Amino acid sequence: MQTQALQEIAAAPDGEALQAVKTRYVGKSGLVTKELGTLGKLPPEERKARGAEINAVRAALETALNEREAVLKQAALDAKLASEAIDVTLPGLPLPAGGLHPINRVYDDLTAIYERMGYAVIEGPEVEDEHHNFEALNVPWYHPARDLQDTFWLDDGRLLRTHTSPMQIRYMVAHEPALKVVVRGKVYRYEATDATHEAMFHQLEGLVVGDGISMTDLKGTIAEMARGLYGPTAKVRFQPSYYPFVEPGADFAVWWDNPRGESKWLELGGCGMIHPNVFKAVDDLREAEGRERVYEGKTGFAFGLGPERIAMLKYGIPDIRYFYANDPKVIGQFRGEL
Ligand code: PHE
């Protein structure tokens, strides 16, 4: 019986077959187990020897069963590993890649320049109230910027911010001087659209406040930005202009050296020295919140510019409306470039 059993164990092709052999010989009603049951019928003097014999067979079968089981398990594992093997030398499958929007690329260029100069970079709410968007910025009720033509008003009396300058107010109310910060974000104007005007566009706002900040610091800062954008020989130009929240105020332009010719002054935005009325409005808001008045007597400058103009020239985009039309022929050109 032992020889027969050992042959069957060695021949079992898999775990299931081996289990069947095991049941047949050493299971509860297996052949070996039954054999042990016959011991009682033997004369007592034969029992001991016969018992030892059967137990030896049982032990030999169990050892063989365990060994065969280990071999079969290893073989199953090897087969599984072989079938699941990954060929790492196969070429990869290309995934369609997106890309950064040209406005975000220009923003990233600009904020990198300001971060090098130690500015914080923040954003702020697009839905504003009249006080932060106009009143606190010294924009009187009769100023044309408040005209219904220019502002998207909401039913609840709030509005879509027409510029990022209200963040000057919010930042100063929450922080004490000295400070340097740039704000990036969307702004809205209720205007007819054309190749250079959109109802929604973007601004980068800068604000610096401290002691003894002067117009020279402002001009140096804009010049540093121009060099960051267009290289060490970049030129800047300032022309007097009027914004209610600065005095004096100016518009600034950067000389754009176009490799294809047609170089020109690029009118980028407005700037100026913070108007004392703005500092006073900030201190009033701070006082109303139980904070100290810390801005009166300080000096500072602010500037605001539109990344769309920079992006249009940089990427040769002829119409501002292309930025937001989501035309795949346009945005597809910015794929994969991060
Ligand atoms: N907020 C102004 C605008 O939208 C730009 C500006 C910002 C001007 C800061 C001066 C100082 O036109």
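Here the structure is shown first, and the text comes after it.
As the structure is a prediction and not an experimental result, all values here were calculated from the model. (Residues numbered from 1 in each chain as written. Predicted model: local features only at pLDDT ≥ 70, side-chain atom pairs only at ≥ 80, totals over all residues. Heavy atoms only, no water.)

How would you summarise the overall build of the chain if you had to cite specific residues and measurements?
A count of helices and strands for the chain gives 11 helices and nine strands. Since a compact globule built from 338 residues should have a radius of gyration of about 20 Å, the 41 Å found for the chain marks it as more spread out than a globular shape. Of all intrachain contacts in the chain linking residues separated by at least 6 positions in sequence, the fraction that spans at least 24 positions is 68%. Accessible area for the chain stands at about 18900 Å²; split by element, carbon and sulfur atoms hold 55% of it. Between the averaged position of the 38 positive side-chain charges in the chain and that of its 49 negative side-chain charges there is a distance of 7 Å. (Helix = DSSP H or I, 4+ residues; strand = E, 2+ residues; numbered from the N terminus. Rg over C-alpha atoms; globule rule 2.2 N^0.38 Å. Contact = heavy atoms within 4.5 Å. Areas by Shrake-Rupley, 256 points an atom, 1.4 Å probe, with all protein chains shown as cover. Lys, Arg positive; Asp, Glu negative; His and termini not counted. Charge placed at Lys NZ, Arg CZ, Asp CG, Glu CD.)

Just give me the short version of empty space enclosed by the protein, but keep the residues and values in it.
A full pass over the atoms with the stated rule returns one cavity of 30 Å³ or more. Put simply, the largest cavity is a space of about 40 Å³. His101, Pro102, Ile317, Tyr322, Phe323, Val330, Ile331 and Phe334 are the residues that line the largest cavity. Split by residue class, the lining of the largest cavity holds seven nonpolar, one polar and no charged. (1 Å grid on protein atoms, 1.4 Å probe; cavity = no way out; pocket = protein on both sides within 12 Å on 5 of 7 lines; lining within 4 Å. Points joined across faces, edges and corners; volume = space filled by probe spheres on them. Nonpolar A, V, L, I, M, F, W, Y, C, P; charged D, E, K, R; others polar.)

Can you break down the pairing of strand E7 (residues 246-256) residue by residue, with the values?
A regular strand places its side chains so that they alternate between the two faces of the sheet. Summarising the sheet, strand E6 (residues 236-241) and E7 pair through six bridges and their orientation is antiparallel. Paired with Ser241 across the two strands is Gly249, which belongs to E7. Counted along the chain from E6 to the antiparallel partner E7, the turn is four residues long. Summarising the sheet, E7 and strand E8 (residues 264-274) pair through nine bridges and their orientation is antiparallel. Note that in E8 the partner of Asp251 across the bridge is Gly270. (Pairing = 2+ DSSP bridges.)

Account for the site of the ligand, with residues named and values stated.
The ligand sits among 14 residues. The nearest are His163, Ser165, Arg189, Gln203 and Gly304. At 2.9 Å from a nitrogen atom of the ligand is found a side-chain nitrogen or oxygen belonging to Ser165. Gln203 has a polar side-chain atom sitting 2.9 Å from an oxygen atom of the ligand. When the ligand sits alone it has 320 Å² of accessible area, and the protein chains cover 91% of it. Among the cavities detected, the one that contains the ligand is the largest pocket. Residue assignment for the shell around the ligand shows that the elements contributing at least two residues are strand E5 (200-210), E8 and strand E9 (299-305). By residue number, the principal contributor to the shell around the ligand is E9, which donates three residues. Taken together, the residues of the shell around the ligand sort by class into six nonpolar, six polar and two charged. (Near = heavy atom within 4 Å. Polar contact = N/O pair within 3.5 Å; in protein donor to acceptor, adjacent residues only side chain to side chain. Sits in = over half its atoms within 2 Å of the grid points.)

Now, about the packing of helix H2 (residues 15-26) against helix H4 (residues 44-83): what can you tell me, with residues and values included?
Each pair of packed helices can be summarised by the angle the axes make with each other and by the distance between the axes. With their axes 10 Å apart at the nearest point, H2 and H4 run at an angle of 170° to one another. Between H2 and H4, the interaxial angle falls into the category roughly antiparallel. In this structure, H2 uses Gly15, Leu18, Lys22, Tyr25 and Val26 to contact H4, whose residues at the interface are Arg58, Leu61, Glu62, Leu65, Arg68, Glu69 and Leu72. Considering only residue class, the contact of H2 with H4 consists of six nonpolar, one polar and five charged. (Axes fitted to C-alpha atoms, helices over the stretch in contact; angles between N-to-C directions. Parallel < 35°, antiparallel > 145°, perpendicular 65-115°, else oblique.)

Requested: an account of the layout of surface pockets, with residues and values cited.
Estimated volume of the largest pocket: approximately 1200 Å³. Forming the boundary of the largest pocket are 50 residues, of which Arg189, Phe201, Gln203, Leu268 and Gly269 lie nearest the centre. Broken down by secondary-structure element, the contributors of at least two residues to the lining of the largest pocket are E5, E7, E8, E9 and helix H10 (307-315). No other element matches the nine residues that E8 contributes to the lining of the largest pocket. Each pocket or cavity is described by its volume, and for the second largest pocket that value is around 200 Å³. Residue lining of the second largest pocket: 14 residues in total, with Asn104, Tyr107, Gly185, Lys186 and His202 positioned closest to the centre. Contributing elements (two or more residues each) for the lining of the second largest pocket: helix H5 (102-116), strand E4 (179-188) and E5. Per-class residue counts for the lining of the second largest pocket are four nonpolar, five polar and five charged.

Could you give an account of the sheet that holds E6, naming the residues involved and the relevant values?
The strand order across the open sheet built from seven strands is E1-E4-E5-E9-E8-E7-E6, with neighbouring strands paired in mixed fashion. What marks the edges here is a single partner per strand, and that holds for strand E1 (120-122) and E6. The average undirected angle you get between the axes of adjacent strands in this sheet is 25°. In terms of strand pairing, E4 meets E5 through 10 bridges, oriented antiparallel. Across the sheet, the residue bridging to Leu179 is Val209, located in E5. Relative to E8, H10 is tilted by about 160°, and along the sheet it contacts E5, E7, E8 and E9.

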